[in-house]
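# Descriptive structure summary
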Amino acid sequence: MNVDLPKNRSSVSEFILLGLSNSQEIQIFFFTIFFLVYVAIIVGNLLIVISVIVDNHLHSPMYFFLANLSFFDLCLSSATTPIVISDFLRKLKTISLWGCMAQMFFVHFFGGGEMSLLIAMAMDRYVAICKPLHYKTIMNRRALIVFLLLSWAVGFIHTTSQMVFTAGLPFCGPNVVDSIFCDLPLIIKLACTDTYILELLVIANSGLLSLVCFILLLISYIVMLVTIWQHSSSASSKAVSTLTAHITVVTLFFGPTVFIYVFPFNSYSIDKFLSVFYSIITPLLNPIIYTLRNKEMKAAIKRFSSQHLGSWLTS
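Residues numbered from 1 in each chain as written. Predicted model: local features only at pLDDT ≥ 70, side-chain atom pairs only at ≥ 80, totals over all residues. Heavy atoms only, no water.

### Details of helix α6 (residues 141-166)
Applied cut-off: The secondary structure listing takes helices from DSSP runs of H or I that are at least 4 residues long and strands from runs of E that are at least 2 residues long, numbered from the N terminus. A helix is expected to span 1.5 Å multiplied by its residue count minus one. Note that bend, as reported per residue, equals the angle between axes fitted to the 7 residues terminating at that residue and the 7 residues originating from it. For this analysis, residues touch if any pair of their heavy atoms sits within 4.5 Å. Polar contact is the term for a pair of N or O atoms within 3.5 Å; when the atoms are in protein, one must be able to donate a hydrogen and the other to accept it, and sequence-neighboring residues count only if both atoms are side-chain atoms.
In this model, α6 (26 residues) spans 38 Å end to end at C-alpha, consistent with the 38 Å of a helix rising 1.5 Å per residue. The principal kink in α6, of about 25°, is found at T160. Tucked into the core, α6 has its buried residues touching α2 (61-78), α4 (97-130), α5 (135-138), α7 (184-189) and α8 (196-229). For α6, the capping residue at the N-terminal end is N140, with a side-chain oxygen 3.2 Å from the backbone nitrogen of R142.

### As for the UniProt feature "transmembrane region" (unreviewed entry) in the protein
Rule in force here: UniProt positions are given in the numbering used here, feature names are shortened, and annotations may be inferred rather than shown by experiment.
The sites that UniProt annotates as "transmembrane region" (unreviewed entry) are residues 28-50, 62-85, 105-123, 144-165, 208-228, 240-263 and 275-293. Spanning residues 28-50, this segment combines 100% helix with 0% strand, and its end C-alpha atoms are found 33 Å apart. Here residues 62-85 is 92% helix and 0% strand, with 33 Å between the C-alpha atoms at its ends.

### Section: the pattern of salt bridges
Note the following rule: Salt bridges are defined as contacts in which a side-chain nitrogen from Lys or Arg sits within 4 Å of a carboxyl oxygen from Asp or Glu. Working definition: with a 1.4 Å probe on protein chains only, accessible area under 20% of the residue-type maximum means buried, over 50% means exposed, and in between means partly exposed.
For the structure on display, the rule yields three salt bridges. Measuring nitrogen to oxygen at the nearest pair gives 2.9 Å for the salt bridge that ties R303 to D55. In this pair, R303 sits in helix α11 (residues 295-314) while D55 sits in the loop between α1 (24-54) and α2, placing the two residues 248 residues apart along the sequence. With relative accessibility at 8%, the residue D55 sits in the buried group. A salt bridge links D87 to R90; its shortest N-O distance comes to 2.4 Å.

### Here we look at the environment of N140
Relative to the elements of secondary structure, N140 occurs in the loop between α5 and α6. When the C-alpha positions of N140 and P61 are compared, they lie 8.1 Å apart, and in sequence the two are 79 residues distant. There is a polar contact of 3.2 Å between the side chain of N140 and the backbone nitrogen of R142. Looking at N140, its side chain comes within polar contact range of the main-chain nitrogen of A143, at 2.8 Å.

### What about the state of the cysteines?
Put plainly, a disulfide is one covalent bond tying together the sulfur atoms of two cysteines. What counts, and what does not: Cysteine sulfur atoms that pair up within 2.5 Å are treated as a disulfide.
Tallying each qualifying case throughout the model produces two disulfides. Bridging C172 to C192, the disulfide has an S-S length of 2.1 Å. With C172 in the loop between α6 and β3 (176-177) and C192 in the loop between α7 and α8, this pair connects stretches of sequence that are 20 residues apart. What makes C172 buried here is its relative accessible area of 9%. Cysteine pairing in the protein follows 1-3, 2-4, where each cysteine in a disulfide is numbered by its order in the sequence.

### Section: the environment of N175
Topologically, N175 is positioned in the loop between α6 and β3. Expressed as a C-alpha distance, the spacing of N175 and A191, which sit 16 residues apart in the sequence, is 9.1 Å. One polar contact links the side chain of N175 to the main-chain carbonyl oxygen of E14, over a distance of 3.1 Å.

### Details of the packing of aromatic side chains
Cut-off, in case you're wondering: Centres within 6.5 Å are what make two rings of Phe, Tyr or Trp a pair, Trp counting through its six-membered ring; a difference in plane orientation under 30 degrees is then read as stacked, over 60 as edge-to-face, and the rest as tilted.
In the structure shown here, the tally under the stated rule is 18 aromatic pairs. Aromatic pair F105 and F156: ring centres 6.5 Å apart, planes at 80°, arrangement edge-to-face. With F105 in helix α4 and F156 in helix α6, the pair connects residues that are 51 residues apart, well separated along the chain. Between F109 and W152 the ring centres are 5.5 Å apart and the planes differ by 50°, which places this aromatic pair in the tilted class. Of this pair, F109 sits in helix α4 while W152 sits in helix α6, and the two are 43 residues apart along the sequence. Relative accessible area serves as the criterion here: at 30%, W152 is assigned to the partly exposed category. Pairwise contacts between aromatic rings join F71, F72, F105, F106, F109, F110, W152 and F156 into one cluster.

### Some thoughts on the pairing of strand β1 (residues 14-17)
Under the convention used in this document: A pair of strands counts as paired when DSSP detects no fewer than two bridges linking them.
Burial along β1 is one-sided: the face carrying F15 and L17 is buried and the face carrying E14 and I16 is not. Inspection of the sheet shows β1 paired to strand β2 (residues 94-96) by three bridges, in the antiparallel sense. Bridged to I16 within β2 is T94. Here β1 runs beside β3; their pairing, made up of two bridges, is parallel. Bridge assignment links I16 to a residue of β3, and that residue is V176.

Here you go:
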């Protein structure tokens, strides 16, 4: 990328985030809502992670992936939500250039990792439903570790392949971002150089990848549902309940992502609310969906609460 910067333009050291509203009353309302939601995200996802670790009844591949999904959700929300919450109390919402870069790096790191983890969870359910006799052989401890390492690797490659170019962009003009946190398409638009190729890279990397993964996951779940319908039993009804939860989480995760990155670089305010949904609402809904529809998880959380939390409170 050739850069021709006028000498009278200084480098941008920070960005101004417009947030959701300029009204002080509405910002206080949002502060309360976002704070309560973030506390619920921390408590809900930590309960799942700790329950899976300490409860022997949950030491299976499905709950192994579920615990790691909760960890990714917790990290993804923590990359944006604390700053968003603090900004509601500030009149001027600013973030440093490198703070913005770090935020985008971690959002795409944990977002890409969660995308890969959802595919691993779909594979786990496929083996359990379509190849039940070989389930323990295929989904062994080594396979679980490989899937998890691949999720971290995909997340790292996904974010690095975009941020390595974004971090080197010159920013010397406008520094106002119409969002609640640093969003890659919006930040790229502010660069003082031609970013057409980088915009295509973002669309291909984030949008197309999300869309393809979403379609592949839907196809895999359709195959599993067809297999279940061919075998009517109590085990099948339990599998349908599990798959329904998985399909709901996949739809909630990929839906906003596909919309944002397949139709990027626009000025529609809906992107702002989709960003809220992606980084805050989805990490809250995931533990609710899995715990409310899963008897084993609810029982494990009750056991953990009665055995451990009760002893901590009385000690």
